[in-house]
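A structural walkthrough
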Amino acid sequence: MMRRTFLTCLTALCLHPTAHADPIPALYTQLAAHPAQRCLELDIDLTHGEAATFSAGTLSYPMRDKAVAEGWSWPEHTTADTDYYLYKYLPLATESEDRRTYEMEDKVGEPQLMTERWRYDYFFAFNNLNEFSTTDDDDAALLFSLPAGIDPASVGLRAEVCLSEPVTRESTTFWKATYGKPVDLTLKKRYLVGSLRALHVIAPENGQRLASLHARPDLHFSAKE
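First, a word on what this report is: a plain description of the structure on this page.

What counts and how
Residues numbered from 1 in each chain as written. Predicted model: local features only at pLDDT ≥ 70, side-chain atom pairs only at ≥ 80, totals over all residues. Heavy atoms only, no water. Phe/Tyr/Trp six-rings, centres within 6.5 Å; stacked < 30°, edge-to-face > 60°. Helix = DSSP H or I, 4+ residues; strand = E, 2+ residues; numbered from the N terminus. Buried < 20%, exposed > 50% of the residue type's maximum accessible area, 1.4 Å probe, protein only. Lys NZ or Arg CZ within 6 Å of the ring centre and 35° of its normal. Pairing = 2+ DSSP bridges. Axes fitted to C-alpha atoms, helices over the stretch in contact; angles between N-to-C directions. Disulfide = S-S within 2.5 Å. Contact = heavy atoms within 4.5 Å. Patch = residues over 30% accessible without salt bridge, like charges linked within 9 Å, V, L, I, M, F, W, Y side chains within 5 Å. Areas by Shrake-Rupley, 256 points an atom, 1.4 Å probe, with all protein chains shown as cover. Salt bridge = Lys/Arg side-chain N within 4 Å of Asp/Glu carboxyl O.

1. Quick word on the packing of aromatic side chains
Going through the model one piece at a time under the given rule, you end up with 7 aromatic pairs. Here the aromatic rings of Trp72 and Tyr87 are separated by 5.4 Å at their centres, their planes lie at 65°, and the arrangement is edge-to-face. Placement of Trp72 in the loop between strand 3 (58–62) and strand 4 (88–107) and of Tyr87 in the loop between strand 3 and strand 4 is noted, with a sequence separation of 15 residues between them. Judged by relative accessible area, Tyr87 falls into the buried class, the value being 16%. Following the ring pairs from residue to residue traces out a cluster consisting of Trp72, Tyr87, Tyr89, Phe123 and Tyr191. Over the ring of Tyr179 we find Lys107; its NZ or CZ atom is 4.8 Å from the centre of that ring.

2. Some remarks on the sheet that holds strand 6 (residues 141–145)
Strand order across the open sheet formed by 3 strands is 2-3-6, with antiparallel pairing between neighbours. The open sheet has two edge strands with one neighbour each: strand 2 (53–55) and strand 6. If you compare each strand with its neighbour and ignore which way they point, the axes differ by 25° on average.

3. Observations concerning the state of the cysteines
Per the stated rule, a full pass over the model turns up 1 disulfide. There is a disulfide in this structure between Cys39 and Cys162, and the S-S distance comes to 2.0 Å. Around the S-S axis, the bridge from Cys39 to Cys162 shows a dihedral of about 100° and counts as right-handed. Here Cys39, found in strand 1 (residues 39–43), pairs with Cys162, found in strand 7 (residues 156–175); they are 123 residues apart in sequence, far enough to count as distant.

4. Details of the environment of Tyr191
Looking at the element boundaries, Tyr191 is found in strand 8 (residues 183–203). Contacts of Tyr191, omitting those with residues within four sequence positions, involve Tyr28, Val68, Glu70, Trp72, Phe123, Ala125, Val167, Thr168 and Arg169.

5. Some thoughts on the side chain of Asn128
Mapped onto the elements, Asn128 comes out in the loop between strand 5 (110–126) and strand 6. Apart from residues no more than four positions distant in its own chain, Asn128 is found in contact with Ser195, Leu196 and Arg197.

6. A word on unusual backbone geometry
Residue Glu165 is joined to Pro166 through a cis peptide bond whose omega torsion reads -15°. For Pro166, the location among the structural elements is in strand 7. A positive phi angle is found at Ala56, which is not glycine, with a value near 50°. With respect to the helices and strands, the residue Ala56 is situated in the loop between strand 2 and strand 3. The phi dihedral of Asp65 is positive, around 65°, even though this residue is not glycine.

7. Let's talk about the side chain of Thr168
With respect to the helices and strands, Thr168 occurs in strand 7. Taking the relative accessible area as the measure of exposure, Thr168 reaches 18% and is therefore buried. Sequence-distant contacts of Thr168, defined by excluding residues within four places in its chain, comprise Tyr28, Leu31, Ala32, Tyr191 and Leu192.

8. So, the pairing of strand 6
For strand 6, the buried fraction is high: 4 of the 5 residues fall into the buried class. Sheet topology note: the strand 3/strand 6 ladder contains 5 bridges and is antiparallel. Within strand 6, the position partnered with Ser60 by the bridge is Leu143.

9. What about a nonpolar patch on the surface?
A cluster of nonpolar side chains, Trp74, Tyr84 and Tyr85, forms an exposed patch at the surface whose accessible area comes to about 310 Å². Assignment of secondary structure puts Trp74 in the loop between strand 3 and strand 4.

Dropping the structure here:
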């Protein structure tokens, strides 16, 4: 039986200097053109994927299914026991843009108007989840102890990260429009890459830190029977 992860949570009631971190699409464009190894703060998109849950004063942010499955993220040298999914991700932002429309007959005798749509999903990819929890527990979650009286529905999540070369990565997937789905969809997955240094539960209106988790190099548990 897997040993469930539990993290020591540090509560820090202090004011953060800014209410919002850098806008992600503009930041990615800047770093793709001019790579720079630097530390910065990123707001996490809590609407992407499995929702955070709250119980008995603890906010739980699931890391299940947040493995990066891109060729660049796999190890160069592998064995039979190699874990290919070294990187985990935190979702940052999504943008969608409709481009031209055109007429096509995917079903004989029924011409349709098709739309070209481009979607950009932004993530932070990191390979040091073991400094926050165990990577061999499929139910691993990041746990934050919130102060009394905090409404969990009104909080945000912010990451402190340090980027490393190459600081950006990108993949492209394309789906052709069909009769049932009349949209040409081009999906761009864009990653900022580095190490995760801390995560903070914040009040979005002023950036106040309500609870924090910090990287601990000595934190590691193994699966046990």
